[in-house]
Amino acid sequence: MWQEFKKFAVKGNVIDLAVAVIIGAAFGKIVKSLVDDIVMPLLGIILGGISFTDLKVTFGDAVITYGVFIQNVVDFFLIAWVIFFIVRIYKRMERKEEVKVEAKVDPKEELLREIRDLLKATANQSE
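Attention in this report is confined to the structure presented alongside it. (Residues numbered from 1 in each chain as written. Predicted model: local features only at pLDDT ≥ 70, side-chain atom pairs only at ≥ 80, totals over all residues. Heavy atoms only, no water.)

This part is about the environment of A62. Position of A62 among the secondary structure elements: in strand β2 (residues 62-64). Spatially, the C-alpha atom of A62 lies 21 Å from that of S51, the residues being 11 residues apart in sequence. (Helix = DSSP H or I, 4+ residues; strand = E, 2+ residues; numbered from the N terminus.)

Spelled out as structure tokens, the structure:
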């Protein structure tokens, strides 16, 4: 049983997933800090210092803090927006790298392509 577990735990997929979860958690902290510490204060300035978290309704002993819910919804959309732009920038950089890789053509491969094309042309002429 130990060998079976060891084989399962050491498979590439499990390790890749563990690394992705750890990096995702760290990245989540960065994005949350960006939203909480930079974007939300700027948004607060633009909206005239409104704080949603202070909004609440009291019914007897029950306190409904609907402002916290509104704040969480705003946080979600801001985090999604920030992640969208980060992924968009990453994809653009990735495409530029692909173009650079495609631009590098090995001279030997180019020569082989020319030879292939010449052989095709002579084979077509002889038919």
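Before going further, it helps to spend a moment on the pattern of salt bridges. In total, this model carries four salt bridges according to the counting rule given. Across the salt bridge formed by D117 and R116, the nearest N and O atoms sit 3.3 Å from each other. Assessed through its relative accessible area of 41%, D117 is described here as partly exposed. What you see here is one network of salt bridges that share partners, running through E109, E110 and R113. (Salt bridge = Lys/Arg side-chain N within 4 Å of Asp/Glu carboxyl O. Buried < 20%, exposed > 50% of the residue type's maximum accessible area, 1.4 Å probe, protein only.)

On the surface, R88, K91, R92, R95 and K96 cluster together into a positively charged patch. Mapped onto the secondary structure, K91 falls in helix α3 (residues 66-103). (Patch = residues over 30% accessible without salt bridge, like charges linked within 9 Å, V, L, I, M, F, W, Y side chains within 5 Å. Areas by Shrake-Rupley, 256 points an atom, 1.4 Å probe, with all protein chains shown as cover. Lys, Arg positive; Asp, Glu negative; His and termini not counted. Charge placed at Lys NZ, Arg CZ, Asp CG, Glu CD.)

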